[in-house]
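# Analysis of the macromolecular model
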4 protein chains.
Amino acid sequence: MKRLLSQRRIFSEARQFSTSRSLQEIRSILDLPDRIYPAYRRLLDSKLLLGVWPDPGPKNVLLVMKSNAANVRAAATEFAQYINENHPDINLIFEREPAESLEKEIAQPIYTLPSLPDFSPFPFTKETDGRTPVSSRTPSKAHGDIVAKQTGHPDIFAEDIGDPFHRKTDLILTLGGDGTILHAASLFSTAKAVPPMLSFSMGSLGFLGECHWKDHVKAFLTAIGKDNPNRKGYSGEFGVLRRGRLKVGVFDKTGQRVAGEDWPGNNLGDVHVMNEVNIHRGAKPHLAIVEVFVAGRKLTETVADGMIISTPTGSTAYSLSSGGAIVHPAVNSLLLTPICPRSLSFRPLVLPTDCIVTLRLSNRNRSSEVEVSVDGKKWGELKVNEEIRVWGEQLRNGRDGGWEGWEGGIPCVKINSEGESDGWVGGLNGLLKFNYPFGEEEL
Amino acid sequence: MKRLLSQRRIFSEARQFSTSRSLQEIRSILDLPDRIYPAYRRLLDSKLLLGVWPDPGPKNVLLVMKSNAANVRAAATEFAQYINENHPDINLIFEREPAESLEKEIAQPIYTLPSLPDFSPFPFTKETDGRTPVSSRTPSKAHGDIVAKQTGHPDIFAEDIGDPFHRKTDLILTLGGDGTILHAASLFSTAKAVPPMLSFSMGSLGFLGECHWKDHVKAFLTAIGKDNPNRKGYSGEFGVLRRGRLKVGVFDKTGQRVAGEDWPGNNLGDVHVMNEVNIHRGAKPHLAIVEVFVAGRKLTETVADGMIISTPTGSTAYSLSSGGAIVHPAVNSLLLTPICPRSLSFRPLVLPTDCIVTLRLSNRNRSSEVEVSVDGKKWGELKVNEEIRVWGEQLRNGRDGGWEGWEGGIPCVKINSEGESDGWVGGLNGLLKFNYPFGEEEL
Amino acid sequence: MKRLLSQRRIFSEARQFSTSRSLQEIRSILDLPDRIYPAYRRLLDSKLLLGVWPDPGPKNVLLVMKSNAANVRAAATEFAQYINENHPDINLIFEREPAESLEKEIAQPIYTLPSLPDFSPFPFTKETDGRTPVSSRTPSKAHGDIVAKQTGHPDIFAEDIGDPFHRKTDLILTLGGDGTILHAASLFSTAKAVPPMLSFSMGSLGFLGECHWKDHVKAFLTAIGKDNPNRKGYSGEFGVLRRGRLKVGVFDKTGQRVAGEDWPGNNLGDVHVMNEVNIHRGAKPHLAIVEVFVAGRKLTETVADGMIISTPTGSTAYSLSSGGAIVHPAVNSLLLTPICPRSLSFRPLVLPTDCIVTLRLSNRNRSSEVEVSVDGKKWGELKVNEEIRVWGEQLRNGRDGGWEGWEGGIPCVKINSEGESDGWVGGLNGLLKFNYPFGEEEL
Amino acid sequence: MKRLLSQRRIFSEARQFSTSRSLQEIRSILDLPDRIYPAYRRLLDSKLLLGVWPDPGPKNVLLVMKSNAANVRAAATEFAQYINENHPDINLIFEREPAESLEKEIAQPIYTLPSLPDFSPFPFTKETDGRTPVSSRTPSKAHGDIVAKQTGHPDIFAEDIGDPFHRKTDLILTLGGDGTILHAASLFSTAKAVPPMLSFSMGSLGFLGECHWKDHVKAFLTAIGKDNPNRKGYSGEFGVLRRGRLKVGVFDKTGQRVAGEDWPGNNLGDVHVMNEVNIHRGAKPHLAIVEVFVAGRKLTETVADGMIISTPTGSTAYSLSSGGAIVHPAVNSLLLTPICPRSLSFRPLVLPTDCIVTLRLSNRNRSSEVEVSVDGKKWGELKVNEEIRVWGEQLRNGRDGGWEGWEGGIPCVKINSEGESDGWVGGLNGLLKFNYPFGEEEL
Ligand SMILES: NC(=O)C1=CN([C@@H]2O[C@H](COP(=O)(O)OP(=O)(O)OC[C@H]3O[C@@H](n4cnc5c(N)ncnc54)[C@H](O)[C@@H]3O)[C@@H](O)[C@H]2O)C=CC1
Ligand SMILES: NC(=O)C1=CN([C@@H]2O[C@H](COP(=O)(O)OP(=O)(O)OC[C@H]3O[C@@H](n4cnc5c(N)ncnc54)[C@H](O)[C@@H]3O)[C@@H](O)[C@H]2O)C=CC1
Ligand SMILES: NC(=O)C1=CN([C@@H]2O[C@H](COP(=O)(O)OP(=O)(O)OC[C@H]3O[C@@H](n4cnc5c(N)ncnc54)[C@H](O)[C@@H]3O)[C@@H](O)[C@H]2O)C=CC1
Ligand SMILES: NC(=O)C1=CN([C@@H]2O[C@H](COP(=O)(O)OP(=O)(O)OC[C@H]3O[C@@H](n4cnc5c(N)ncnc54)[C@H](O)[C@@H]3O)[C@@H](O)[C@H]2O)C=CC1
């Protein structure tokens, strides 16, 4: 009931009262100006890129939060207040659920996806696991028509407009742990140009996290290009580690993209993964039998619990647990790491990203399907003779020759750049306890 | 309908006509004389034991078959005919399903477990996965009473009599692969003294298999002690590799054995495993958090897909896929091998079998339970704060000082004893392709 | 004595009689015209480059042979005859030793490095292990002056001319195994632009080898651009897999390049390695203590038998034996793999090549030095507080925008390009027995 | 000169003045009464044995010290004073070098091996690396005769008397780290019944160490059976973890024990190792080619840097660095772990100790020999076609049926027996950082 009201507010009242800044309200993300894109330049002697905002910098900031965490809620409220007082021209976007839950505690208007009436079968406000690749939440054209009528926003569901988050977000902030970062990435899993992402850690610092919450003001200023100690005034500059993603598509035995009710990504383009895509026998007792092809040539047939295809970023996640090497995110590559293979001789592989790696469920597999997961969330089921194909996304140069990389990868804003600029070595030691020294308990 | 008939036959007609040897019929295993036990002696300079049958050797032979395999069916029929013609005093026992399916093709009477009327809730003729530890199929006393009334066999369900297979089988033969051997072992998973087991491989030789079907006559003669080339007449002697098993119990947080509808092993004693017991997150997305104790002392808390506790026999099965060492079955030990642990420093462990190893599902585990499997079959679910405890079964000396080992382990009959008597080194090379040489394609 | 004669012949008689093609003789490599450089273009959808010879193609071919192998000798003679009869404008270059030993069996004149009188301390005709990075064999200026006087070739030792092989070789052929390829690479270890290399395998095919000797005519035609089936006439085109190398320098604690009698690479520039550089305790009983820095930041201190820094090419060599991942040669990276580290948590690393990785021998190391080897040959000894620094060589674009890569890496000519063009997947299966299937001895 | 004097003193003056307790002097170990043997009993529910001294307990205590460590020297002096004041009937034995160096600082007489005149070729006071298996230091009969004449101790060199340490030591104390314990073990490497050993750690606690020096008084009382809290008066009881050793012999291709000047263990029986025996290519560039046999049957041929055969005790030493499993010392087994094998499929093995494992240097090995090391010290060189054979020492029952184990293994005295009695789990966590948790830097 409360829900119905709040929905109505968005698309009726909300729009009428949107002039007053101090009003607590939820507005539609579609009311925001379209996003702006920073340019990126390669830095000499560094794994990092230099991002530069077009003046006067980002306006639409998406705050992605870990759910059900009191300290994260408190931090979000604190941050909204900071923005309200210091950057009144910056708009805060939230996912629908935190938007509704935080509404009362935030003084300024906040933005979110338009919600839909309860009777609507619209998939992306309901039923879908939060981190399922966002493609599954983009409605089909048919849905679009229904919805358009209901909401008065006919255009947002047209194919050429795409996901409102993709269209409106200048900068992503995450509040939580690695899981929250992966979730934020999943919101842009079909986007080619992901906005810069700055991640704040609450509690403990994850491996992908960038900075502690206590440093959020300085970090935020850096991310919006207002904290360059070497430049007077506004520089718009910020350091970026671009984390390459992998593209994943699912195909049936005839080579057609898989169609059918069961596959959530049905009828849609490839999704991009930040950590990895994996297939796994799941609760099935028998080992999966998977054929692996590299650039169309059969590499091997593996009998195993499963198989991981990981980015360098994901090399410290599931692939690591399965015995894979640790690969620096600046090494443009993908990792092929088996999960408990029935073999003495399946050494993990590191492959180039410009050839397609294919995993096909053999018709000798004992059960009729295996699970496919993306970044740790179940995505669907791969049937016998179906295959997933994986390759690197292209890291494209920008329009202007001297600049590169406005497309491809997740541009992770780096704050702490003393010593080793990308923080990766520090993470190996501090978090993964890499080569942790044998005990020397001095007496 | 056919089933009802055949059931009736067993307990009515069948008993009336049991005098004629040539009659095709299924009889109750309870009609057989009780089993006899061979004695075992340690052989010098060998990993093997010498088994000796009391004169005149085994009479009740249980034939365990891989299901749904035409060649296995054919071999069983051929074997029955061989027995009928050459060893008329030997009785063949089958599991219920193959007994009914083979009945028509076998000339002599065959024996199986009594079946029960269809309306009976009796668990071991229905609903239960074939290889679920047999304990789960042993009915409770209450069931026993109902059933006794229906079948006229009141005693078989009394606690002090136990499983009919345990009470009647002198010698086990398996026809199939490693899975069939594991299944045969599961039929004796609550038995302390497992009968000698001889395994025939159909198709390809598995790692646990002993001999090819084509050699079955010679092998069978060896197993019943009639083929000792060094001894004239009947020696009763046969070579045995004793494969130690592990005992597994499930306990709740108060240290009580787990009770409750969901746990199949409920109300029962420990089961013995041949390969391993494992816990696994299964289809749950989040890593399992498991506390490990050795002899009551906390060893570690692991965050992983799962955890394996394996016998040396199982060291070439799931534990191998998870990175465990290969341990010779004569090394009295258990292996603790994590499945995809989120750690750089969980090296697989080999522990003595005379201390209890405990796996407790941490109350920090994100889901409320994980799966427990025994020898590759799902056994039940371990809830938060519950634990499984594992230790080696005792390998007991027999009554008479000079002899040892009539209790404990699975006595696997060994046929090919030239060179390396236990065949283990041969299996590493021939089957696991251990240290397979790098390619030397001569030109 | 014989040696003195043969030397004289090169620089006196030899030069006088160099007009007659049919004369058996050894000539100085310096008599040859300077080398020509192919251009390289990136091929779409392929890991390979397209090399194109400037018309009319390569003239100076260096034949590097495995020593002391009768079949290799025979093949070299056969090849010389083939060249003499079919490509009379092509000149064959050999290393000094095979040149002298084959002289009698080859009809046409052959070319080699000028030899020097016995009394000369000149390092590269004596004392030096054949595969020591060639830098150690390049004489200092002082030596150059002495030698120039003796030989009448004043210019070859001047710094700006460099190694005669580098200056004269258009195309390298190797005859032997992987060791011969590594040796050929070592002859160009200080060269920035290595000539294309085509490797023939005698006996068995090595992992780096390209084709069997029996196919040498077709392969050679391909390498010189005369065998393009898609183009009429001379195309000059050939397929190339560029294998990136690593640059290695040795520095003392003050950051100066190491000087001193003991270090063979003294006073010289960096060398390039094809497989790996490693440090190892060698015959010392105590573990080496090595500090590792990545881009100037301390990664860790390792206590181990040694440490390997490998190219992707070398990932199937020593690094593989030490537990490293297998990395495709097209992945621009370096591998850091410890040798028997006293640690549970040193997972092998894959790093970008554009930062310097440093291995410093800790002053807590128990012995005063450890061994440094390059591509499997001892190079020198690293003393306490000294360090080796490693980074990738630059793969430079050529002068003309559309072309790239005339500098950097070893351009390995690829012949068999059906299916998977680079042959790498085939090598994993055929030679390394990657994921070799568990035994299925059908009965 | 000083040395000659001190030697004389031992065998002339020393013997005359040996009545006065307070005199600083070095006496001959041969003056001591012969050793006494504790009995050992298996404890229920424990990996430990119960040792029991015959009343009134041990008298001859051998103190083995880390050399060149000031704090160890100080501790030894302090301990001698404690003994002098509290246990005047206990005699302290030292190795020759510390005996001479500590002589001045110890009030009571101390005992050591008799030294020999400088001109003597007697091997065990000179030339020999301290931890070379002691067998190499036991003189031949011929030496014995010469020496007997010189020293007036004719009997000590006779074969049937053997090593004076073996004959006289009741209890071993070590002061240092793991290396000191290994050294102490090496002094008894040819002894069948090693005395109980109590190890004190100075500085940091090693993996094999038992207790910190600060607890030495309590620990010593425990070791001599005077600190049983459950028993009034003298119980003689102490806890023991028996660490099994491996026996190693070297044989030529004809199966004869190797003879010849080069092999230090020449003409002698097998030695026992505490950690491992390994063969390694050492400073040779080429991989070693080693044939491995288990119980006479060929397991495999390995091409590797080397091969380790380790005890469970040694499973946390070199074998661990080479990827071996961690095996609890109570698991009676040996580990076969390759060092950097050129193979994808050489999984480490755990084998029973009652079969012989053989490593034979293949005649295809490229160099003529490889290095053999015992417990980290070079022992000799294994030539092509020679082999080392390894098997477990027998853990023999004592004379009296109720007692077992007076022979075999190293009886390590355990002090801290709360919780997990053998301290092994604690060592995995505290020292090896087993499964060290990933970073949770709380903010
Ligand atoms: N056995 C294993 O190791 C498994 C690992 N995962 C990993 O979990 C990821 C999903 O993470 P959550 O949603 O947080 O699930 P989660 O809450 O189950 O946590 C997984 C853990 O992995 C860490 N993590 C995630 N990405 C990482 C990275 N790139 N580098 C280092 N650590 C990383 C997280 O901090 C967390 O500690 C998946 O992408 C997959 O890589 C998933 C299943 C099994
Ligand atoms: N990722 C993995 O490696 C997994 C392995 N398993 C293993 O499968 C076993 C059950 O076997 P099946 O019922 O036949 O299932 P299955 O039909 O799925 O086959 C498992 C494979 O393991 C082999 N195997 C079984 N026991 C073995 C042993 N002791 N040594 C060497 N190979 C052995 C079988 O021959 C078969 O090739 C379980 O006990 C478990 O050890 C089960 C799940 C996953
Ligand atoms: N324990 C080990 O695995 C060791 C390996 N090596 C490797 O040997 C290489 C030198 O080779 P050789 O002079 O032929 O010495 P070698 O005659 O001792 O042979 C080494 C083996 O490695 C193979 N090999 C060489 N490079 C390879 C590559 N990139 N990929 C796959 N296999 C390769 C060779 O075919 C040969 O079988 C070194 O660069 C080093 O990588 C050197 C010492 C120890
Ligand atoms: N790459 C490696 O890991 C190598 C290891 N070693 C090991 O060193 C041992 C000799 O030790 P040291 O004379 O002290 O030489 P060392 O002074 O070179 O130290 C070797 C290290 O191993 C430790 N260690 C020794 N035995 C151990 C055991 N059983 N469990 C756990 N840690 C142990 C010592 O505390 C020390 O930290 C050899 O028996 C061998 O096992 C020897 C050479 C290479």
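All of the points below concern the structure found in this document. Position labels on residues start from 1 in each chain and follow its written sequence. The naming scheme follows written order: chains are lettered A onward, ligands numbered 1 onward. The model is predicted, so local features are restricted to residues of pLDDT at least 70 and side-chain atom pairs to those at 80 or more, both for listing and for counting; the totals for chains, interfaces and linings are taken over all residues. Only hydrogens and water are removed before side-chain values are computed, so all heavy atoms of the structure are retained for them.

Superposition of the copies used a least-squares fit over C-alpha atoms from residues whose pLDDT is at least 70 in both. Once chain B has been moved 0.0 Å along the axis and rotated by 180°, it coincides with chain D to within an RMSD of 0.1 Å. Both copies of the chain, as the preceding transformation shows, are related through a two-fold rotation axis. Identified as the residue of chain B closest to the rotation axis by C-alpha distance is Ala 325 of chain B, at 3.0 Å. In this analysis, two residues are considered to be in contact whenever any of their non-hydrogen atoms come within 4.5 Å of each other. Both copies present the same face, since 100% of the interface residues in chain B are matched by interface residues at the equivalent positions in chain D.

Structural alignment of chain C on chain A gives an RMSD of 0.0 Å, achieved by rotating through 180° and translating 0.0 Å along the axis. When you check the interface residues of chain C against chain A, 100% turn up at the interface there too, and the contact is symmetric in its surfaces.

All right, on to helix 7 (residues 178-187) of chain B then. Owing to its 3.6 residues per turn, the α-helix brings residues three or four apart onto one side. All names here are of chain B. Burial classes: relative accessible area under 20% of the type maximum marks a residue as buried, over 50% as exposed, and values in between as partly exposed (1.4 Å probe, protein chains only). Helix and strand labels come from DSSP, where a helix needs a run of H or I of at least four residues and a strand needs a run of E of at least two; each type is numbered from the N terminus. Taking burial as the measure, the 10 residues of helix 7 include eight buried ones, the bulk of the element. The complete set of buried residues in helix 7 reads Thr 180, Ile 181, Leu 182, His 183, Ala 184, Ala 185, Ser 186 and Leu 187. Residues of helix 7 that are buried sit in contact with strand 4 (60-65), helix 6 (164-168), strand 7 (171-176), strand 8 (197-201) and strand 25 (410-414).

Bringing the interface of chain B and chain D into the picture now. Opposite the 43 residues of chain B that make contact, chain D presents 43 residues. By buried area we mean how much accessible surface two parts lose on assembly, using a 1.4 Å probe and totalling the loss over both. For the pairing of chain B and chain D, the buried interface totals around 3,600 Å² over both sides, and the portion due to carbon and sulfur atoms is 61%. When the buried surface of chain B facing chain D is broken down by residue, Arg 347, Asn 435 and Phe 438 of chain B rank first, second and third, together holding 19% of it. For this analysis, a salt bridge means a side-chain nitrogen from Lys or Arg found within 4 Å of a carboxyl oxygen belonging to Asp or Glu. The tally of links from chain B across to chain D stands at zero salt bridges. Put simply, the parts of the chain that give the side of chain B that touches chain D at least two residues each are strand 15 (297-310), strand 16 (326-327), strand 18 (349-351) and helix 10 (424-430) of chain B. Looking at the side of chain B that touches chain D element by element, the count peaks at six residues for strand 15 of chain B. Pairing between strand 18 of chain B and strand 16 (residues 326-327) of chain D: two bridges, direction parallel. Directly across from Val 350 of chain B, in strand 16 of chain D, lies its bridge partner Val 327 of chain D. Should DSSP find at least two bridges between two strands, the strands are regarded as paired.

All names here are of chain B. Ring geometry is summarised as follows: Phe, Tyr and Trp rings, the Trp one being its six-membered ring, pair when their centres sit within 6.5 Å, and such pairs are stacked at plane angles under 30 degrees, edge-to-face over 60 and tilted between the two. Considering all chains together, one arrives at 34 aromatic pairs over all chains under this definition. Measuring from centroid to centroid gives 5.3 Å for Trp 53 and Phe 238, while their planes differ by 25°, and the two rings are stacked. Here the residue Trp 53 occupies a position in the loop between strand 3 (49-52) and strand 4, and Phe 238 occupies one in strand 10 (residues 237-243), the gap between them amounting to 185 residues. Among the residues examined, Phe 238 registers a relative accessible area of 2% and is labelled buried.

Turning our attention to unusual backbone geometry. Of note, the bond from Asp 55 of chain B into Pro 56 of chain B is cis; its omega dihedral lies within 30 degrees of zero at 5°. The topology assignment puts Pro 56 of chain B in the loop between strand 3 and strand 4. If you check the backbone angles, Ala 295 of chain A has positive phi at about 50° while not being a glycine. Mapped onto the elements of the fold, Ala 295 of chain A is located in the loop between strand 14 (288-294) and strand 15 (297-310). Ala 295 of chain A gets classed as partly exposed once you look at its relative accessible area, which sits at 44%.

A separate point is the packing of helix 3 (residues 70-86) of chain B against helix 8 (residues 216-223) of chain B. Residues and elements named next belong to chain B. Axis separation between helix 3 and helix 8 bottoms out at 12 Å; the angle between their running directions is 55°. Relative to helix 8, the element helix 3 lies oblique. Of the two elements, helix 3 crosses helix 8, and the hand of that crossing is right-handed. Contact with helix 3, carried on its side by Glu 78, Phe 79, Tyr 82 and Ile 83, involves His 216, Val 217, Phe 220 and Leu 221 of helix 8 and no other residues of that element. Each residue gets one label: Ala, Val, Leu, Ile, Met, Phe, Trp, Tyr, Cys and Pro are nonpolar, Asp, Glu, Lys and Arg are charged, and the others, such as Gly, are polar. Across the contact of helix 3 with helix 8, the residue classes break down as six nonpolar, one polar and one charged. The axes are straight lines fitted to the C-alpha atoms, using for helices just the contacting stretch, and the angles between their N-to-C directions are given from 0 to 180°. Each angle receives one of four descriptions, namely roughly parallel if under 35 degrees, roughly antiparallel if over 145, roughly perpendicular if within 65 to 115, and oblique otherwise. Crossing handedness is read from the near helix: turned anticlockwise from the far helix by less than a right angle, it gives a left-handed crossing, and turned clockwise, a right-handed one.

On the chain A side, the residues contacting the 43 residues of chain C number 43 residues. Between chain C and chain A, the buried area comes to about 3,600 Å², and carbon and sulfur atoms account for 61% of it. The largest per-residue losses of area from chain C upon contact with chain A belong to Arg 347, Asn 435 and Phe 438 of chain C, which jointly make up 19% of the total buried on that side. If you look at where chain C meets chain A, you find zero salt bridges. Those elements that place two or more of their residues in the side of chain C that touches chain A are strand 15 (297-310), strand 16 (326-327), strand 18 (349-351) and helix 10 (424-430) of chain C. Ranked by residues supplied to the side of chain C that touches chain A, first place goes to strand 15 of chain C with six residues.

Now for the environment of Pro 411 of chain A. All names here are of chain A. Within the secondary structure, Pro 411 is located in strand 25 (residues 410-414). When its relative accessible area of 3% is taken as the criterion, Pro 411 is described as buried. Taking the C-alpha atoms as reference, Pro 411 lies 5.6 Å from Val 240; in sequence the two are 171 residues apart.

We now examine the pairing of strand 21 (residues 377-383) of chain B. Residues and elements named next belong to chain B. Of the strand pairs in this sheet, strand 20 (residues 369-374) and strand 21 are connected by six bridges, and their pairing is antiparallel. In the strand pairing of strand 21, Val 374 is matched with Lys 377. Hairpin connection between strand 20 and strand 21: a loop of two residues separates the two successive antiparallel strands, and Asp 375 in this loop has a positive phi of roughly 50°.

With that settled, consider the environment of Ile 388 of chain A. Residue and element names in this part refer to chain A. Mapping Ile 388 onto the fold places it in strand 22 (residues 387-392). For the pair Ile 388 and Val 248, spaced 140 residues apart in the sequence, the C-alpha separation amounts to 6.7 Å. Beyond its immediate sequence surroundings of up to four residues, Ile 388 is in contact with Val 248, Gly 249, Val 250, Val 277, Ile 279, Val 357, Thr 358, Leu 359 and Leu 382.

Every regular strand shows the same layout, with side chains that alternate between the two sheet faces. Residue and element names in this part refer to chain B. Along strand 7, six of the six residues are buried, which leaves the element largely enclosed by surrounding structure. Judged by which residues are buried, strand 7 turns out to be covered on both faces: Leu 171, Leu 173 and Leu 175 on one side and Ile 172, Thr 174 and Gly 176 on the other are all buried. Where strand 4 lies against strand 7, five bridges are found, and the strand directions are parallel. Note that in strand 7 the partner of Val 64 across the bridge is Thr 174. Viewed with both strands pointing away, a crossover whose connecting path from the first strand over the helix to the second turns clockwise is right-handed. In this fold, strand 7 hands off to helix 7, which returns the chain to strand 8; that crossover is right-handed.

This part is about the pattern of salt bridges. This model, assessed by the stated rule, comprises 65 salt bridges over all chains. A salt bridge links Lys 284 of chain A to Glu 369 of chain A; its shortest N-O distance comes to 3.0 Å. Linking Lys 284 of chain A in the loop between strand 13 (276-280) and strand 14 with Glu 369 of chain A in strand 20 (residues 369-374), this pair joins segments that are 85 residues apart in sequence. Classification of Lys 284 of chain A by relative accessible area gives partly exposed; the value is 26%. Overall, Glu 369 of chain A belongs to the buried group, its relative accessible area being 14%. A salt bridge links Glu 291 of chain B to Lys 298 of chain B, with the nearest nitrogen and oxygen atoms 3.4 Å apart.

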